[in-house]
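Structure at a glance
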Amino acid sequence: NVQQYTSNKSAAQTFTLVTAGEKFADEVSTATPAPTATPTPTATPTPTATPAPTKDATTATLSDFVISSDSEVKTALTKGSYDAQMSVDMMNAINSYRASKGVAKLTIDSDAIAVAQIRAYEITLLYDHKRPDGSSLTTFGIIAGENICLGQDTVSEAMYQFENEPGHNANLLATKYTGIGCAVFCEYDPDLEMDIYHYVQTFTN
């Protein structure tokens, strides 16, 4: 629609006819577009922390059976070994037995476990409810009762013996006790050419 004409004047000039509805290029203005709104970012929700499960104080786990730094325990480790799993199983067996008889479960007591470790070694030296030096269990200060046995190959066999002897069974079910600690010590017997397990249950109140 744009046509150019040249005049007949000596100085040539060029002009442009603009048809209706058109404007000169220098008259055309481009509208500034409205800015695009920046979307507000969606806040990332803060995850809700999952609370750590509360440990049942009457259920023993392997983390409860920490080897004591007592000198006698160190000596014991030069002659045999503690069976942590059997020790834990025995504590849980005691509480299961008490529950089956309608008696409150005992709290797993770290101090009682430490004493049980010492006693499990001591009964390899003197199988008695007194210590090898002749002193009483009261020297430990916290022990209110004790069950010991040796020779059984499993916790179930040891528990069967305890449950079927009146004195031991009385300790297992006594309501005056509130805490329990157990240790199972294994020592190799060269004469019998076999491992001998020594079981100790210590009760606190």
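Residues numbered from 1 in each chain as written. Predicted model: local features only at pLDDT ≥ 70, side-chain atom pairs only at ≥ 80, totals over all residues. Heavy atoms only, no water.

**Considering the overall build of the protein chain**
- Check the secondary structure of the protein chain and you find 5 helices and 7 strands.
- Across the protein chain, the fraction of contacts at a sequence separation of at least 24, relative to all contacts at a separation of at least 6, is 63%.
- Counting only carbon and sulfur atoms, one obtains 53% of the accessible surface of the protein chain, whose full area is about 12,700 Å². (Helix = DSSP H or I, 4+ residues; strand = E, 2+ residues; numbered from the N terminus. Contact = heavy atoms within 4.5 Å. Areas by Shrake-Rupley, 256 points an atom, 1.4 Å probe, with all protein chains shown as cover.)

**A look at the confidence of the model for the protein chain**
- Mean pLDDT over the protein chain stands at 86; residues scoring 70 or higher make up 82%.
- Taken together, the stretch residues 1–28 has pLDDT below 50 and engages in 22 contacts with residues farther than four places along the chain or on a different chain. (pLDDT = per-residue confidence, 0-100.)

**Quick notes on the nonpolar core**
- One finds Tyr 82, Met 90, Met 91, Ile 94, Met 159, Ile 180 and Tyr 199 to be the most contacted residues of the largest nonpolar core, which totals 42 residues.
- Of all the secondary structure elements, the ones that give two or more residues to this core are helix H1 (71–76), helix H2 (84–100), helix H3 (110–125), strand S5 (145–150), helix H4 (155–163), strand S6 (179–189) and strand S7 (194–204).
- Take this core: its biggest share by element is 7 residues, from H3.
- Every residue in contact with Ile 94, bar those within four places of it in the chain, is listed here: Leu 106, Met 159, Leu 172, Ile 180, Cys 182 and Gln 201. (Core = buried A, V, L, I, M, F, W, Y, C linked by side-chain atoms within 4.5 Å. Buried < 20%, exposed > 50% of the residue type's maximum accessible area, 1.4 Å probe, protein only.)

**Describing unusual backbone geometry**
- The backbone of Glu 193 sits at a positive phi, close to 55°, despite the residue not being glycine.
- With respect to the helices and strands, the residue Glu 193 is situated in the loop between S6 and S7.
- Classification of Glu 193 as exposed rests on a relative accessible area of 61%.

**Here we look at the pairing of S6**
- Burial runs high along S6: 8 of the 11 residues are buried.
- Across 3 bridges, strand S3 (residues 80–82) lies against S6 in antiparallel orientation. Bridge pairing links Gly 80 to Glu 187 in S6.
- Bridging between strand S4 (residues 107–108) and S6 involves 2 bridges; their strand directions are parallel. When the bridges of S6 are listed, Thr 107 appears paired with Gly 179.
- In the sheet, S6 pairs with S7 via 11 bridges, with the strands oriented antiparallel. Paired with Tyr 188 across the bridge in S7 is Asp 195.
- Linking S6 back to S7 in an antiparallel pair, the connection comprises 4 residues, with Glu 193 at a positive phi of about 55°. (Pairing = 2+ DSSP bridges.)

**As for the side chain of Asp 64**
- Looking at the secondary structure, you find Asp 64 in the loop between strand S2 (14–17) and H1.
- Within the local environment of Asp 64, its side chain forms a polar contact with the backbone nitrogen of Thr 61, the two atoms lying 2.7 Å apart. (Polar contact = N/O pair within 3.5 Å; in protein donor to acceptor, adjacent residues only side chain to side chain.)

**Section: the environment of Cys 149**
- Within the fold, Cys 149 resides in strand S5.
- We classify Cys 149 as buried; its relative accessible area is 0%.
- For the pair formed by Cys 149 and Tyr 127, sequence separation is 22 residues and the distance between their alpha carbons is 8.5 Å.
- Once you skip the residues sitting within four places of it in the chain, Cys 149 turns out to touch Ile 123, Tyr 127, Ala 158, Gln 161, Phe 162, Tyr 197, His 198 and Tyr 199.

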